[in-house]
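Close look at the chain arrangement
Given next are the chains, with one letter for each unit.
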Amino acid sequence: MKSTRYALPLVVLLIAVAWLSYLRSSNTTLEQDNLSLEKKIEKSRSAAVLQSERNRTEAMRSGAMRTKMKREMRSAEAENKPSGDWVSTSRDWNAIVLFNNNEGVRFNLTPACRRLEALASEMSGDELARAYTEMASLPVDAPFRRYLESMMLQQLKKKNPEFAFSQLLAKCQNEDTSPIQLGDFDQWLAKDPAAATTWYERQIAANVFDKTLDGKTPNMVPFEAAFMMSLLSSDPAAALQRMNNIPPNLRASLVDYVWNVPKENGMAFVDLLRQSMPVEDYMAILKTNSLTEYHFMIDSKAAPKDVLKNLDSLGITPEERSALLTQHFAEIAKYRSMRDKYGMPSREKFDEYRARIQGIDPSSADRATGFALQSYLAESKTTSAQDFVEKIAMDYHSSDGSDELLLPLIEGSANGSIPFPKDRARVMAGKITDERLREEMLEKLK
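Residues numbered from 1 in each chain as written. Predicted model: local features only at pLDDT ≥ 70, side-chain atom pairs only at ≥ 80, totals over all residues. Heavy atoms only, no water.

1. Comments concerning the overall build of the protein chain
Short version of the rule: Counting from the N terminus, the helices are the DSSP runs of H or I reaching at least four residues and the strands are the DSSP runs of E reaching at least two. Think of it in three bands: with a 1.4 Å probe and only protein chains considered, a residue is buried below 20% of the maximum accessible area for its type, exposed above 50%, and partly exposed in between. Contact criterion: two residues are considered in contact whenever any of their non-hydrogen atoms come within 4.5 Å of each other. Each accessible area is a Shrake-Rupley estimate made with a 1.4 Å probe; only the visible protein chains count as cover when residues are assessed.
The number of helices and strands found in the protein chain is 21 helices and zero strands. Across the 446 residues of the protein chain, 39% fall into the buried class. At a minimum sequence separation of 6, the contacts of the protein chain that also span at least 24 residues come to 63%. In the structure as shown, the protein chain presents an accessible area of about 25600 Å², 55% of it carried by carbon and sulfur atoms.

2. Comments concerning the side chain of Glu-149
So the rule is basically this: Counted as a polar contact is a pair of N or O atoms within 3.5 Å, where, for protein atoms, one must be capable of donating a hydrogen and the other of accepting one, and residues adjacent in sequence contribute only when both atoms are in side chains.
Mapped onto the elements, Glu-149 comes out in helix H6 (residues 142–159). For Glu-149, the side chain forms a polar contact with the side chain of Lys-171, separated by 2.8 Å. Excluding anything up to four places from it in sequence, Glu-149 contacts Tyr-132, Met-135 and Lys-171.

3. Examining the pattern of salt bridges
Pairing between side chains becomes possible if they bear opposite charge and their charged atoms approach one another. The condition is simple: Salt bridge criterion: a side-chain nitrogen from Lys or Arg within 4 Å of a carboxyl oxygen from Asp or Glu.
For the structure shown, the criterion picks out 24 salt bridges. Salt-bridge contacts for Asp-395 lead to Arg-347; the nearest nitrogen and oxygen are separated by 3.1 Å. With Asp-395 in helix H18 (residues 383–399) and Arg-347 in helix H16 (residues 347–360), this residue pair connects regions lying 48 residues apart in the sequence. The exposure class of Asp-395 is partly exposed, given its relative accessible area of 26%. When its relative accessible area of 29% is taken as the criterion, Arg-347 is described as partly exposed. In this structure, a network of salt bridges that share partners links the residues Arg-347, Asp-351, Lys-391 and Asp-395.

4. Side note on helix H19 (residues 407–415)
Buried within H19 are the following residues: Leu-407, Pro-408, Leu-409, Ile-410, Gly-412 and Ser-413. Buried residues along H19 sit in contact with helix H17 (362–380), H18, helix H20 (422–429) and helix H21 (435–444).

5. Description of H18
Because each turn of an α-helix spans 3.6 residues, side chains separated by three or four positions end up pointing in the same direction. Applied cut-off: What a helix is expected to span follows from its residue count: subtract one and scale by 1.5 Å.
For H18, spanning 17 residues, the distance from its first C-alpha to its last is 25 Å, which sits close to the expected 24 Å at 1.5 Å a residue. Against the buried residues of H18 lie H16, H17, H19 and H20.

6. Quick word on the layout of surface pockets
Put simply, the rule is: As defined here, a cavity is a set of points on a 1 Å grid over the protein atoms alone where a 1.4 Å probe fits but cannot get out. A pocket is an open set with protein on both sides within 12 Å along at least five of seven lines, and residues line them when an atom is within 4 Å of a point. Grid points are joined across faces, edges and corners, and a volume is the space filled by probe spheres set on the points.
Within this model, the largest pocket holds a volume of roughly 460 Å³. Lining the largest pocket are 21 residues, with Gly-183, Asp-186, Met-229, Tyr-257 and Asn-260 positioned closest to its centre. Secondary structure elements with two or more residues in the lining of the largest pocket: helix H8 (185–191) and helix H10 (221–231). For the lining of the largest pocket, the element with the most residues is H10, which contributes five residues.

7. A few points about the confidence of the model for the protein chain
Which entries qualify depends on this criterion: Confidence of the predictor in every single residue is expressed as pLDDT, which spans 0 to 100.
Overall, the prediction assigns the protein chain a mean pLDDT of 85, with 79% of residues at 70 or greater. With pLDDT under 50 throughout, residues 72–82 is counted as low confidence; its partners more than four residues away or in other chains account for four contacts.

8. Some details on unusual backbone geometry
Leaving glycine aside, a negative phi is the common case for residues, and trans is the common case for peptide bonds. Even without being a glycine, Glu-293 presents a positive backbone phi close to 55°. Take Glu-293: it is sitting in the loop between helix H13 (279–287) and helix H14 (304–313). Classification of Glu-293 as partly exposed rests on a relative accessible area of 39%. The phi angle at Tyr-294 is positive, at roughly 55°, despite the residue not being glycine. Along the polypeptide, Tyr-294 turns up in the loop between H13 and H14. On the accessibility criterion, Tyr-294 (36% relative accessible area) is partly exposed.

9. A few points about the side chain of Lys-171
Its place among the elements puts Lys-171 in helix H7 (residues 161–174). Residue Lys-171 is classed as buried on the basis of its relative accessible area of 14%. In contact with Lys-171, other than residues within four places in its own chain, are Tyr-132, Glu-149, Leu-153 and Thr-177.

10. Some details on the environment of Asp-271
With respect to the helices and strands, Asp-271 occurs in helix H12 (residues 266–274). Of the residues examined, Asp-271 reaches a relative accessible area of 36% and is grouped as partly exposed. Separated by 44 residues in the primary sequence, Asp-271 and Gly-315 have C-alpha atoms spaced 9.0 Å apart.

Structure below.
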């Protein structure tokens, strides 16, 4: 009985001792595993740090190598490329051109370009012609090439005009180049008429100008204009013959080549124009010509009495004066219409310009005003513009205007050249005081 009482606690005690031993052993194993894991983690970290250091070292070495290579490349380029000092003293045209070729859009703002311009002014005609020819084989960007060629040809016109005008004429014939660049031919003709004439006649004989169906091109105009102007005072008949060499449809383009006419040749020039083209065409030429003292520019502030005095000195007839003033007012009205698209139409401006025309030639004012209103409406093409010009026209007509003031708007509506409704035009036509003219206009509006 007694032994049984003590056996059970003993068994429990033994089990507890065994369990504690197991726990102590497990903790020891766990501690060893943790220690081993910590060592592995530390080793892994060390390896990562070491690899990172290696990578950084390699990157630094690689960067240093690239920097070194770039430095060496720049050094090599510097050795092969002329310095700024070299450019500023060199006379090697082709080398300077190639040196400046990679400057992009700022090619004409560099010291190298300034040096090329200076060289072009210093070189002889033969040297410049040779450089121009050799440059054709150089790999030069198109904008830079055009700039250089234009600059060289301007110098060559003075130093070797035969070469210059041959090159320019070829460009005008074969490229989209304006004949205006040929406009300096008159200077060569004045300086050396024999050489200039021989060269031009050689071009004629070689059929250089026979590029169109009528056998003549616009490129003839600057040359014929130069000969014509040189003969104006000495041989008017020969000057007229030169004018007749220009096809009628091209004569209006003379405006670009005859804008600076000597005062002493003024009346002879006007008479030559009268004999060779319609009044509207030659008045358009005179409108921007030095002979009319630029009184008909849009921003001209010349006093009416000064304008009239100038026109009288040229022998301008009443018909010519009317055509000139009409063109002038119409151009101003077109300009005003473009401006008024961004604001309200200005009646004050029309009153001002009409008053100026009346001060120059009262008899031309109504016709000029009518065509000015027509021009305004043709440019604007808006309903507000229709209201604007209709009111002005009716106001001017009812106050002191003649029927001529209404006719351009009525006829423009009838033929559809301006956006002015026919019902409005009929009301306007009904205001015409001349019965025959009123019936004629109403008939056109049917």
